[in-house]
Protein chains: 2
Amino acid sequence: MGFPENAAPVDHKRRLFLANGTRTNHSSNSNSFLALSAGDPTMFEPFWRKMGDKCKVVIRGSDFMSYFSDVKNVCWFLEPKLGDAIRRLHGVVGNAVTEGRHIVVGTGSSQLFQALLYALTTPGGAEPVSVVSSAPYYSQYAEVIDCLRSRLYKWEGDAHSFKKEGPYIEVVNSPNNPDGGLRETVVKNRGDQGMLIHDLAYYWPQYTAITSAADYDIMLFTCSKCTGHAGSRIGWALVKDKDIAKKMIQYITISSIGVSKESQFRAAKIIGVICDGCENVQSTETDNFFKYSRHLMTKRWQKLREVLQHNRYLSLFKYPRQHCLFTGESVETLPAYAWLKCEEGIKDCEEFLRGIEIVGRGGKQFGADPKFARVSLLCREDDFNGFIERLHMGLQGEGKGH
Amino acid sequence: MGFPENAAPVDHKRRLFLANGTRTNHSSNSNSFLALSAGDPTMFEPFWRKMGDKCKVVIRGSDFMSYFSDVKNVCWFLEPKLGDAIRRLHGVVGNAVTEGRHIVVGTGSSQLFQALLYALTTPGGAEPVSVVSSAPYYSQYAEVIDCLRSRLYKWEGDAHSFKKEGPYIEVVNSPNNPDGGLRETVVKNRGDQGMLIHDLAYYWPQYTAITSAADYDIMLFTCSKCTGHAGSRIGWALVKDKDIAKKMIQYITISSIGVSKESQFRAAKIIGVICDGCENVQSTETDNFFKYSRHLMTKRWQKLREVLQHNRYLSLFKYPRQHCLFTGESVETLPAYAWLKCEEGIKDCEEFLRGIEIVGRGGKQFGADPKFARVSLLCREDDFNGFIERLHMGLQGEGKGH
């Protein structure tokens, strides 16, 4: 093969979240390695730049000084404007039912996931509650669960092979990170032993068809993957059961005494601008955030499929086309990540990619075979083009090498 | 006694963090109960209002979208401007050494405390590491430590009575929450078994004399108690050992993938305005945040001592006067909380206060006798005046009752 068996030593400053969330670089391809292992959603920046003053926020020195946002709400640290914006957004997009749900805001959906683990397992019994998700699963679930060696819960890996008796939590991530698959529960019903968390971070029109308003008991969303504002660390949970919501709030009170008001205030503004853009019948494709971002995703997937056409080494899944209630069209799933599979007996996709100076995240971290690797497609345009270019050059080299 | 033995049923909507951080109300005394159990630092609002446009921040839609702030820094999610502002602030105030320290930013100092527990105990041995602090100790330490029933660490309560063998962490909170005492380590040196966390949240000129630049290995600070911006949830740690800093960063990556950029950006601005005000030799008392806030605290403590003068039921500690390097004057410690002690055989101070419609936090939560209770003095002016008035009326009633 035309690439070194042992890839060039990785510049560790350029690797992102590769192992256990250790830091690495993110952007621009000026350095030799192109870091696409984190899902940093910078691709949406041009849209927000274009929106200009519409989504500008001004915060004065005396604003938001208190811990408290709304003492009349169970979630006393939720800014009322953000709660309203979230309900409006789900109404406009039609991707989730908010009626009869409590909104719990969190420092990203990661904190909400931990709040749920706490809420669903406290005060805890003799044995920790098992937590599973069907492989390939989001690599952070295992990290979060095992991090503090809690006696309340325990990561048990792939839901498909889960056989233990007793209470368990199944995390259903749909569309799924890393592979973009549409998911349902896997563990067979065992009376009232099972608890479900629906992580719907990617259930937005730029990634998939909105086929119905999700109506689960516990649903997680995040600004990072919806609007692209990862730096704000704002996520939210829609929770049916008041006692579960209260326990989540208790956890967030203990772990961080609430959530940044500045981020909440700004997220409310950003979400408002998205809703206005969607509701305005006059709006052009470029005013409607989801149309804009879907268009971008479509182009990226076209380029990616094109460059992989006729190559023997890397393959991608085919995704279903479904009728989308939001766009009114039949649309294909366009995952946030390329879930690449190595063919021709190549055993380690992360290593293969490293050979062509692309840093992805290997399948093993997602409970999958190392012949898979995840590469983020949410990067800035230059980085995406660099990715395509490296694939083009690298796979050409491969072809010639044989 | 002139107050009901069983205090009137508490309006639970008005109680703040009373038990395990469950929510309650915060401000204004329009309702019958005056909630002063949380340390919500709203007393500083008028200063920031007065500063006007100087401390206004403007954030555009395309700002801060990435997870990453500075990939060249170990703490990749720290906004460089905030790091600079923190170093400048400690330089201006003279309360801590920043040279040779890594700055780790957190979602409040609560998250940093958890990050430290993780950093100091991972990967963990057969037995959890004991964590102690000398009573009365900040009630949140125990809550945070016991919350997830970790196998890594365990709350062992009062450092004075700690006798166990093996590794331990002692948290030294100085000036101490709740009682304002100046603290040193309590557990006797046991070779290299002990690890120290210095929680210096209240080591600022409005609360105490700055007697030297703290030079400990691990120091915690927070905006909430320094500038009064509790809603921003910004804390920082100054950490000497790079490996400990790295592990803390790993924890914050897992638990929330960084810290709100909006809050960091604004905290940098606010801290900059404080530094400008302190450094400007022309600045009046009201331009210098610490002079302003110290003046406010002085007035509050005077009023409090006055109203308690000659009463038989509630007493306060006397605090030392020390030379302050920041103000250049001999100043008294002016704690953020009144640590009230009931006399005359009254056994439950929280209940006593409730009888005069003041909600404080009982001594038991701080590992102290129930004859103590903590009442926040950082509330808005109206609430503080309401507090003084209730004490005045209540203690008068008491006096007459006997």
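Residues numbered from 1 in each chain as written. Chains lettered and ligands numbered in written order. Predicted model: local features only at pLDDT ≥ 70, side-chain atom pairs only at ≥ 80, totals over all residues. Heavy atoms only, no water.

In the annotation of an unreviewed UniProt entry, the entry for chain A reads Alliinase C-terminal domain-containing protein, and the organism field reads Carya illinoinensis. Quoted verbatim from the Subunit (unreviewed entry) field of UniProt, the annotation for chain A is "Homodimer." (UniProt positions renumbered as here; feature names shortened; annotations may be inferred.)

### Structural notes on the relation of the copies chain A and chain B
For the pair of chain copies, the relating operation is a rotation around an axis with a shift along it. Mapping chain A onto chain B leaves a residual RMSD of 0.0 Å; the transformation is a rotation of 180° accompanied by 0.0 Å of translation along its axis. Expressed as an axis order, the relation between the two copies is that of a two-fold axis. Mapped onto chain B, 100% of the interface residues of chain A again fall at the interface, so both copies present the same surface. (Least-squares fit on C-alpha atoms with pLDDT ≥ 70 in both. Contact = heavy atoms within 4.5 Å.)

### Let's talk about the interface of chain A and chain B
Between chain A and chain B, the residue contacts involve 81 residues of the former and 81 residues of the latter. Contact between chain A and chain B buries roughly 6700 Å² in total, counting both sides, with carbon and sulfur atoms accounting for 58%. One can count 2 salt bridges joining chain A with chain B. Linking Glu-262 of chain A and Arg-266 of chain B is a salt bridge whose minimum nitrogen-to-oxygen distance equals 2.6 Å. Taken together, the connections running from chain A to chain B amount to 49 residue pairs in polar contact (both at pLDDT 80 or more). Every element with two or more residues in the side of chain A that touches chain B is listed here: helix H1 (45–51), strand S2 (57–59), helix H3 (108–121), helix H4 (139–146), helix H5 (223–226), helix H6 (242–256) and helix H7 (261–279) of chain A. Ranked by residues supplied to the side of chain A that touches chain B, first place goes to H6 of chain A with 6 residues. Classifying every residue of the side of chain A that touches chain B gives 32 nonpolar, 33 polar and 16 charged. Where S2 of chain A lies against strand S2 (residues 57–59) of chain B, 3 bridges are found, and the strand directions are antiparallel. Each residue of the ladder has a partner; that of Val-57 of chain A, found in S2 of chain B, is Ile-59 of chain B. (Buried area = accessible area lost by both parts, 1.4 Å probe. Salt bridge = Lys/Arg side-chain N within 4 Å of Asp/Glu carboxyl O. Polar contact = N/O pair within 3.5 Å; in protein donor to acceptor, adjacent residues only side chain to side chain. Helix = DSSP H or I, 4+ residues; strand = E, 2+ residues; numbered from the N terminus. Nonpolar A, V, L, I, M, F, W, Y, C, P; charged D, E, K, R; others polar. Pairing = 2+ DSSP bridges.)

### Quick look at the nonpolar core
With 258 residues, the main nonpolar core has Phe-387 of chain A together with Phe-387 of chain B as its most contacted residues. Ignoring sequence-local partners within four residues, the contact set of Phe-387 of chain B consists of Leu-34, Leu-36, Leu-304, Leu-340, Ile-358, Val-375 and Leu-377 of chain B. (Core = buried A, V, L, I, M, F, W, Y, C linked by side-chain atoms within 4.5 Å. Buried < 20%, exposed > 50% of the residue type's maximum accessible area, 1.4 Å probe, protein only.)

### A few points about the pairing of strand S7 (residues 194–199) of chain A
Moving residue by residue along a regular strand, the side chains alternate between the two faces of the sheet. Residues and elements named next belong to chain A. Judged from the 6 bridges that link them, strand S6 (residues 168–173) and S7 form a sheet pairing that is parallel. Bridging from a neighbouring strand, Ile-169 pairs with Met-195 of S7. Where S7 and strand S8 (residues 218–222) come together, 2 bridges link them in parallel fashion. Its bridge partner lying in S8, Asp-199 is registered against Leu-220.

### With respect to the state of the cysteines
Residues and elements named next belong to chain B. Per the counting criterion, the structure on display carries 0 disulfides over all chains. With no disulfide of its own, Cys-75 lies 14 Å from the sulfur of Cys-223, the closest cysteine sulfur. Free cysteine: Cys-349, not disulfide-bonded; nearest cysteine sulfur from Cys-342 at 3.5 Å. On the basis of relative accessible area, Cys-349 is assigned to the buried category, the value being 0%. (Disulfide = S-S within 2.5 Å.)

### Things to note about the packing of aromatic side chains
One pass over the full model with this rule turns up 58 aromatic pairs over all chains. Each ring, one from Tyr-202 of chain B and one from Tyr-337 of chain B, has its centre 5.8 Å from the other, and the planes form 70°; the classification is edge-to-face. Here Tyr-202 of chain B, found in the loop between strand S7 (194–199) and strand S8 (218–222), pairs with Tyr-337 of chain B, found in strand S13 (residues 337–342); they are 135 residues apart in sequence, far enough to count as distant. With respect to burial, Tyr-202 of chain B and Tyr-337 of chain B carry one shared label: buried. Over the ring of Tyr-337 of chain A we find Arg-374 of chain A, and its NZ or CZ is 3.8 Å from the ring centre. (Phe/Tyr/Trp six-rings, centres within 6.5 Å; stacked < 30°, edge-to-face > 60°. Lys NZ or Arg CZ within 6 Å of the ring centre and 35° of its normal.)

### A few points about the pairing of strand S3 (residues 102–107) of chain B
Residue and element names in this part refer to chain B. Counted residue by residue, S3 has 5 buried out of 6 residues, so it is predominantly covered. As paired elements, S3 and strand S9 (residues 234–239) share 6 bridges and run antiparallel to each other. Within S9, the residue paired with Thr-107 across the bridge is Ile-234.

### As for the sheet that holds strand S10 (residues 314–315) of chain B
Residues and elements named next belong to chain B. Spatial ordering of the open sheet is given by S10-S13-S16-S15, a layout of 4 strands whose pairing is antiparallel. Every other strand in the sheet has two partners, leaving S10 and strand S15 (361–362) as the edge strands with one partner each. In the sheet, S13 pairs with strand S16 (residues 372–376) via 5 bridges, with the strands oriented antiparallel. Following the sheet pairing, Leu-340 is matched in S16 by Ala-373.

### A short note on the side chain of Glu-170 of chain A
Residues and elements named next belong to chain A. Among the structural elements, Glu-170 can be located in strand S6. Among buried charged residues, Glu-170 stands out as having no salt bridge; its nearest opposite-charge side chain is Arg-183, 6.9 Å away. A distance of 3.1 Å separates the side chain of Glu-170 from the backbone nitrogen of Val-187, its partner in a polar contact. (Lys, Arg positive; Asp, Glu negative; His and termini not counted.)

### Here's the deal with the packing of H3 of chain A against helix H6 (residues 242–256) of chain B
It is the contact of H3 of chain A with H6 of chain B, at a shortest axis distance of 6 Å, that shows an interaxial angle of 80°. For the element pair H3 of chain A / H6 of chain B, the angle class is roughly perpendicular. In contact with Ser-110, Gln-111 and Gln-114 of chain A of H3 of chain A, H6 of chain B contributes Ile-254, Ser-255 and Ser-256 of chain B. Its residues placed into classes, the contact of H3 of chain A with H6 of chain B shows 1 nonpolar, 5 polar and no charged. (Axes fitted to C-alpha atoms, helices over the stretch in contact; angles between N-to-C directions. Parallel < 35°, antiparallel > 145°, perpendicular 65-115°, else oblique.)

### A closer look at the sheet that holds strand S4 (residues 129–133) of chain B
The strands making up a sheet are joined through hydrogen bonds of the backbone, oriented either antiparallel or parallel. Residues and elements named next belong to chain B. Taken in spatial order, the 7 strands make up an open sheet running S3-S9-S8-S7-S6-S4-S5, and their pairing is mixed. Looking at which strands have only one partner, the edges of the open sheet turn out to be S3 and strand S5 (153–158). Mean inter-strand twist for the sheet, computed between neighbouring axes without regard to direction, equals 25°. Note: S8 against S9, 5 bridges, orientation antiparallel. Opposite Leu-220, over in S9, you have Ala-237 as the bridge partner. Seen against the sheet, H6 touches S3, S8 and S9 and runs at an angle of roughly 20° to S3.

### With respect to the pattern of salt bridges
All names here are of chain A. Tallied over the entire structure, the rule returns 30 salt bridges over all chains. The shortest N-O distance in the salt bridge between Lys-154 and Glu-156 comes to 3.7 Å. What makes Lys-154 partly exposed here is its relative accessible area of 38%. Among the ionic pairs, Asp-217 bridges to Lys-240, the shortest N-O distance being 3.7 Å. One end of the pair, Asp-217, is in the loop between S7 and S8; the other, Lys-240, is in the loop between strand S9 (234–239) and H6, with 23 residues separating them in the sequence.

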